[in-house]
Amino acid sequence: MKNILVILGHPDTNSFCGALAREFIESARTTKDSEVRELQLGQLQFDPILWHGYNQIQELEPDLVKAQELIQWSNHMVFVYPNWWGAMPALMKGFFDRVFLPGYAFKYRESSLPDKLLSGRTAQLLVTMDTPAWYYRWIYRSPGHNEMKRTILEFCGIKVRKISEFAPIKGSSQQQREKWIAVAKDLGSKV
């Protein structure tokens, strides 16, 4: 059975990212042998600032404890979020800072690379942008995708299977947005 956790990283659940997430979830729930759960970061109550780095671990708020439990439950995660200033929103970055902690997501080792404590999971990214996708990839070299894929998820053992870009959002027509919603629905049916 596939346990799918969809994480909406946009603070506004009524955003276009929210619409993509809802369509993905609805479609994935019709897939045999899958259970789908959802985290909407904009609805969670937590301090996104890691005040002392990893020198002093802050006590996790109840919503973050639940988030860690859902991540442990999942074997596939879907992150739906906008690309702002080249990367994820601050709320989503704060979520990773607070939840993907040493001893939970990774474990430091002396004279060696860290242990990847979330191994065995896969992920996919659904990312909206105002920048044209080709420009983001060729001119900017995909900084936000690299951050998510390599320096966060793969660092903790999560293999990113697919990155889907929806861009440019700014100035897109209703017809184009409906096509993108259909893409999210199709992705959900294939998970």
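These numbers come from a predicted model, not from an experiment.

Novice: Could you clarify how one ought to interpret the environment of isoleucine 139 in this entry?
Specialist: Position of isoleucine 139 among the secondary structure elements: in the loop between helix H4 (133-138) and helix H5 (143-153). Assessed through its relative accessible area of 47%, isoleucine 139 is described here as partly exposed. When the C-alpha atoms of isoleucine 139 and alanine 182 are compared, they prove to be 28 Å apart, with 43 residues separating the residues in sequence.

Novice: Where do I start with the packing of aromatic side chains in this structure?
Specialist: The geometry of an aromatic ring pair is captured by two quantities: the separation of the ring centres and the angle between the planes. In total, this model carries eleven aromatic pairs according to the counting rule given. Ring geometry for phenylalanine 96 and phenylalanine 100: centres 5.0 Å apart, planes at 85 degrees, overall edge-to-face. On the basis of relative accessible area, phenylalanine 96 is assigned to the buried category, the value being 3%. An aromatic cluster of at least three residues, connected via ring pairs, comprises Phe46, Phe79, Phe95, Phe96 and Phe100.

Novice: I tried to follow the pattern of salt bridges on my own but got confused; where do I start?
Specialist: Side chains that differ in sign of charge can pair as their charged atoms come close. The full count for this structure, using the stated rule, is six salt bridges. Linking glutamate 61 and arginine 98 is a salt bridge whose minimum nitrogen-to-oxygen distance equals 3.1 Å. Pair noted here: glutamate 61 is in the loop between strand S2 (34-40) and helix H2 (62-73) and arginine 98 is in helix H3 (residues 90-99), with a separation of 37 residues, a long-range link. Of the two residues, glutamate 61 and arginine 98, both sit in the buried class.

Novice: Looking at this structure, I do not really get the sheet that holds strand S6 (residues 122-128). What am I missing?
Specialist: In sheet architecture, strand pairing relies on hydrogen bonds along the backbone and comes in two forms, parallel and antiparallel. Strands sit in the order S2-S1-S3-S6-S7 across an open sheet of five strands; the sheet is parallel. Single-partner strands in this sheet number two, and they are S2 and strand S7 (159-166). Direction aside, the axes of adjacent strands within the sheet are offset by 15 degrees on average. Pairing geometry for strand S1 (residues 2-8) and S2, over seven bridges, is parallel. Bridging from a neighbouring strand, leucine 8 pairs with glutamine 40 of S2. Strands S1, S2, strand S3 (76-82), S6 and S7 of the sheet are contacted by helix H1 (residues 16-29), whose axis makes an angle of about 170 degrees with S1.

Rules used throughout
Residues numbered from 1 in each chain as written. Predicted model: local features only at pLDDT ≥ 70, side-chain atom pairs only at ≥ 80, totals over all residues. Heavy atoms only, no water. Helix = DSSP H or I, 4+ residues; strand = E, 2+ residues; numbered from the N terminus. Buried < 20%, exposed > 50% of the residue type's maximum accessible area, 1.4 Å probe, protein only. Phe/Tyr/Trp six-rings, centres within 6.5 Å; stacked < 30°, edge-to-face > 60°. Salt bridge = Lys/Arg side-chain N within 4 Å of Asp/Glu carboxyl O. Pairing = 2+ DSSP bridges. Axes fitted to C-alpha atoms, helices over the stretch in contact; angles between N-to-C directions. Contact = heavy atoms within 4.5 Å.

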